[in-house]
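Each chain is listed here by its residues.
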Amino acid sequence: MSNLLGPIRQLGIVVDDIEAGMKHWSEVMGVGPWFYNPQVPIVDYTYDGQSYEPHNSVALANSGEMQVELIQTRNDVPSMYRDFMLKGLRGLQHVAFWTTQFDDDLTMMEARGFTVKMSGTVGENGRFVYFAQEHHPGTCIELSEVMGPKGRMFDMIRGAAVDWDGADPVRPFPDLAAI
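Everything numeric here is computed off the predicted structure, so don't read it as measured data.

A. Looking closely at the sheet that holds strand 6 (residues 66-73). Here we have 11 strands laid out as an open sheet, ordered 4-3-8-9-10-7-1-6-5-2-11, and mixed in their pairing. Each edge of the open sheet carries a strand with a single partner, namely strand 4 (50-51) and strand 11 (170-172). Its contacts with the sheet put helix 1 (residues 18-27) on strand 1 (10-14), strand 2 (34-37), strand 5 (56-63), strand 6 and strand 11, and the angle it makes with strand 6 is roughly 155 degrees. Most of the contacts of helix 4 (residues 149-162) go to strand 5, to which it runs at about 50 degrees, and overall it touches strand 1, strand 2, strand 5, strand 6, strand 7 (91-99), strand 9 (127-131), strand 10 (140-145) and strand 11.

As structure tokens, then:
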């Protein structure tokens, strides 16, 4: 467990083919079911302080308490995922810490010298930031707010993994407005 923000809760993996990634992780690794969104509804997205409209596909599943996120970029909007890929890298791009005290944790990280490179919101009370500092090649830290429907969705995904028997390995993301 981190002495800064609690346990790492998510491993973010950048892939070229998200469908192949879900197939590998479910069939070879036994991780699932996957909750897939072909276009994540990110609002207020910024990269280096500039606004953009990203098109990213995401799939989420849990292995125990650890969430695995597969990410495929679908456009050329500036992002830390794109930067990672332009370096010729694939695989673990970020680790995420989840928080119910987003403003306090963000202030603490900034006081420690971290700077926000990429940010946005997914659902009500679902802000996220990626910090610019990379503490080893390619991997960065995400701070993700889990107060609203995004947090409830993460709980639902973790629950679905508990007794997963391999059936129905890819499922649609729930409607965040409905949970």
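B. Inspection of the packing of aromatic side chains at higher detail. Scanning the entire structure with this criterion turns up 5 aromatic pairs. For the pair Trp25 and Trp34, a centre-to-centre distance of 6.4 Å together with 75 degrees between the ring planes defines the contact as edge-to-face. No difference in accessibility class separates Trp25 from Trp34, as the two residues are buried. Measuring from centroid to centroid gives 4.5 Å for Trp98 and Phe154, while their planes differ by 25 degrees, and the two rings are stacked. Highlighted residues: Trp98 in strand 7 and Phe154 in helix 4, separated in sequence by 56 residues. Across the pair, Phe154 and Trp98 agree in class, each one buried.

C. Broad picture of the environment of Lys117. Here Lys117 shows up in strand 8 (residues 116-121). Between the C-alpha atoms of Lys117 and Glu27, which are 90 residues apart in sequence, the distance is 35 Å.

D. Spatial organisation of empty space enclosed by the protein. Applying the stated criterion across every chain, the model contains 1 cavity of 30 Å³ or more. Space inside the largest cavity adds up to approximately 250 Å³. Forming the boundary of the largest cavity are 20 residues, of which Val40, Val58, Glu69, Val122 and Glu142 lie nearest the centre. Taken together, the elements giving at least two residues each to the lining of the largest cavity come down to strand 5, strand 6, strand 7, strand 9, strand 10 and helix 4. By residue class, the composition of the lining of the largest cavity is 14 nonpolar, 3 polar and 3 charged.

E. Region of interest: the pattern of salt bridges. Throughout the structure, instances matching the rule amount to 11 salt bridges. With a shortest N-O distance of 3.8 Å, Glu19 and Arg74 are connected by a salt bridge. Of this pair, Glu19 sits in helix 1 while Arg74 sits in the loop between strand 6 and helix 2 (80-86), placing them 55 residues apart in sequence. Residue class for Arg74 comes out partly exposed when judged on its relative accessible area of 36%. Between Lys23 and Glu27 there is a salt bridge, with its nearest N and O atoms 2.9 Å apart. Note that Lys23 and Glu27 are positioned in helix 1 at a spacing of 4 residues, about one turn of the helix. Judged by its relative accessible area of 48%, Lys23 falls in the partly exposed class. Given the relative accessible area of 56%, Glu27 is considered exposed. Salt bridges linked by common partners bring Arg9, Glu65, Asp155 and Arg158 together as one network.

F. Fine view of the nonpolar core. Judged by nonpolar contacts, the single largest core of 27 residues is most densely connected at Leu60, Met118, Tyr130 and Met153. The dominant element in this core, judged by the number of residues it contributes, is helix 2, at 4 residues. Not counting residues within four places of it along the chain, the set of residues in contact with Tyr130 comprises Glu69, Met80, Tyr81, Gln93, His94, Thr115, Val116, Lys117, Met118, Cys140, Ile141 and Glu142. Of all hydrophobic cores here, the second largest spans 12 residues; its members include Ile13, Ile18, Tyr36 and Ala59.

G. Local environment of helix 4. Counted at 1.5 Å a residue, the expected span for helix 4 with its 14 residues is 20 Å, and the 20 Å between its end C-alpha atoms agrees. When helix 4 is considered as a whole, its buried residues turn out to be Pro149, Lys150, Gly151, Met153, Phe154, Ile157, Arg158 and Ala161.

Cut-off values and rules
Residues numbered from 1 in each chain as written. Predicted model: local features only at pLDDT ≥ 70, side-chain atom pairs only at ≥ 80, totals over all residues. Heavy atoms only, no water. Pairing = 2+ DSSP bridges. Helix = DSSP H or I, 4+ residues; strand = E, 2+ residues; numbered from the N terminus. Contact = heavy atoms within 4.5 Å. Axes fitted to C-alpha atoms, helices over the stretch in contact; angles between N-to-C directions. Phe/Tyr/Trp six-rings, centres within 6.5 Å; stacked < 30°, edge-to-face > 60°. Buried < 20%, exposed > 50% of the residue type's maximum accessible area, 1.4 Å probe, protein only. 1 Å grid on protein atoms, 1.4 Å probe; cavity = no way out; pocket = protein on both sides within 12 Å on 5 of 7 lines; lining within 4 Å. Points joined across faces, edges and corners; volume = space filled by probe spheres on them. Nonpolar A, V, L, I, M, F, W, Y, C, P; charged D, E, K, R; others polar. Salt bridge = Lys/Arg side-chain N within 4 Å of Asp/Glu carboxyl O. Core = buried A, V, L, I, M, F, W, Y, C linked by side-chain atoms within 4.5 Å. Expected span 1.5 Å × (residues − 1).

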